[in-house]
Amino acid sequence: MPVSDRRLDYEPFACAPALKLEAHEQMSRLQLDALNARLDRLELLLERLERRMWLAVSGVAGVIVAQAFQSVIVATP
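Note that the structure is predicted; figures quoted are calculated from it, not measured. Residue numbers here run from 1 along each chain, matching the order of that chain's written sequence. In view of the model being predicted, local features appear only for residues whose pLDDT reaches at least 70, and side-chain atom pairs are presented and counted only at 80 or more, with totals across whole chains, interfaces and linings using the full set of residues. To get the side-chain values, take all heavy atoms of the structure and skip hydrogens and water.

When its secondary structure is counted, the chain shows one helix and zero strands. Note on exposure labels: buried denotes an accessible area under 20% of the residue type's maximum, exposed denotes more than 50%, and partly exposed covers the range between, all computed with a 1.4 Å probe on protein chains only. Residues counted as buried form 0% of the 77 residues belonging to the chain. Note on areas: Shrake-Rupley with a 1.4 Å probe; residue coverage comes only from the protein chains shown. Split by element, the accessible area of the chain, about 7,800 Å² in all, is 65% carbon and sulfur. Each helix corresponds to a stretch of at least 4 residues labelled H or I by DSSP, and each strand to a stretch of at least 2 residues labelled E; elements are numbered beginning at the N terminus.

Structure (structure tokens):
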């Protein structure tokens, strides 16, 4: 059998650069997932803060309107 007709069947092996690249990709994926989770939590906190701010603003506006209405009632005989 000539050498050119033979197929050399080697078992696949993992080389160090490929392993480092794979580990880096996995680490990047984990960091990105953690970052996305933190962003989701921040968005939730911002939504809650926004609701509280609107509640406070509407409360202040309600007090101002109530005082104006009360002064109108007192001034009118």
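Here, UniProt's "transmembrane region" (unreviewed entry) annotation points to residues 53-75. Measuring from the first to the last C-alpha atom of residues 53-75 gives 33 Å, for a span that is 100% helix and 0% strand. UniProt positions are given in the numbering used here, feature names are shortened, and annotations may be inferred rather than shown by experiment.

To count toward a patch, a residue needs a relative accessible area over 30% and no salt bridge; like charges are then connected within 9 Å, while nonpolar side chains (Val, Leu, Ile, Met, Phe, Trp, Tyr) are connected within 5 Å. A pairing counts as a salt bridge when a side-chain nitrogen of Lys or Arg comes within 4 Å of a carboxyl oxygen of Asp or Glu. A positive count includes Lys and Arg, and a negative count includes Asp and Glu. His and the chain ends are not counted in either. By convention, the point assigned to a charge is CZ for Arg, NZ for Lys, CD for Glu and CG for Asp. There is a patch of like negative charges on the surface, built from Asp40, Glu43, Glu47 and Glu50. Note on placement: aspartate 40 falls in helix α1 (residues 16-75).

Right, let's get into a nonpolar patch on the surface. A cluster of nonpolar side chains, contributed by Leu32, Leu35, Leu39, Leu42 and Leu45, occupies part of the molecular surface with about 470 Å² of accessible area. Inspection of the secondary structure puts leucine 42 in helix α1.

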